[in-house]
Structures are given as C-alpha cells and as structure tokens.
Amino acid sequence: MPQHTPPRAICGHCDGFPTVTITTGNRTTDGQRETATANCPACHGTGHVRASVKAVAA
C-alpha cells in the first residue's frame, strides 16, 4: 500500500518559480551570453515553504 505525502505549500514570494537566470548584457569569449542566477530568498530556491513558515509570513 503506498503512503501518500501531503502536498507542500508553494512559496508565496516566488509562486513556485524559485530560480531565475538573468542575462548581464555581456558576452563570453566564445560568444555566449553571460548570465547570473538568482534564488528566492524566502525558500532558498526550492519553490516550497514549510506550512509554519508560510503562516508566519502571511
């Protein structure tokens, strides 16, 4: 019998999109764009937050 885990709460700060990549406008020596990656500071890049943390933040 499988055990079901309850769904984790989606982060309210990033709405489940925890990591973004931003182009800097510069190019590398081989012609590719330089990028910078940023993680959501609230969920640390997971997209989910514990229920107790969400209750305090809301």
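What you see is a predicted model; the values in this text were computed from it and never measured.

**Student:** Give me the lowdown on the overall build of the protein chain, citing residues and values where you can.
**Tutor:** Helices and strands together make up the secondary structure of the protein chain, namely one helix and four strands. Burial statistics for the protein chain: of 58 residues in total, 12% are counted as buried. Counted over contacts in the protein chain with a minimum sequence separation of 6, partners at least 24 positions apart contribute 49%. Accessible surface computed for the protein chain: about 5000 Å², of which carbon and sulfur atoms make up 55%.

**Student:** Which residues make up the pairing of strand β3 (residues 33-39), and what values go with them?
**Tutor:** As paired elements, strand β2 (residues 19-27) and β3 share six bridges and run antiparallel to each other. Bridged to Thr-23 within β3 is Thr-35. In sequence, β2 turns back onto β3 through a hairpin of five residues, with Gly-31 there showing a positive phi of about 95 degrees.

**Student:** Would you mind going over the confidence of the model for the protein chain in detail, with residue names and values included?
**Tutor:** The pLDDT averaged across the protein chain works out to 84; a share of 84% of its residues lies at or above 70. For the protein chain, the element scoring lowest by mean pLDDT is helix α1 (residues 51-57), at 53; β3 scores highest, at 94.

**Student:** Kindly report on the state of the cysteines, identifying the contributing residues and their values.
**Tutor:** Going through the model one piece at a time under the given rule, you end up with zero disulfides. Between Cys-11, a free cysteine, and Cys-14, which holds the nearest cysteine sulfur, the sulfur-to-sulfur gap is 3.8 Å.

Reading guide: rules and limits
- Residues numbered from 1 in each chain as written.
- Predicted model: local features only at pLDDT ≥ 70, side-chain atom pairs only at ≥ 80, totals over all residues.
- Heavy atoms only, no water.
- Helix = DSSP H or I, 4+ residues; strand = E, 2+ residues; numbered from the N terminus.
- Buried < 20%, exposed > 50% of the residue type's maximum accessible area, 1.4 Å probe, protein only.
- Contact = heavy atoms within 4.5 Å.
- Areas by Shrake-Rupley, 256 points an atom, 1.4 Å probe, with all protein chains shown as cover.
- Pairing = 2+ DSSP bridges.
- pLDDT = per-residue confidence, 0-100.
- Disulfide = S-S within 2.5 Å.

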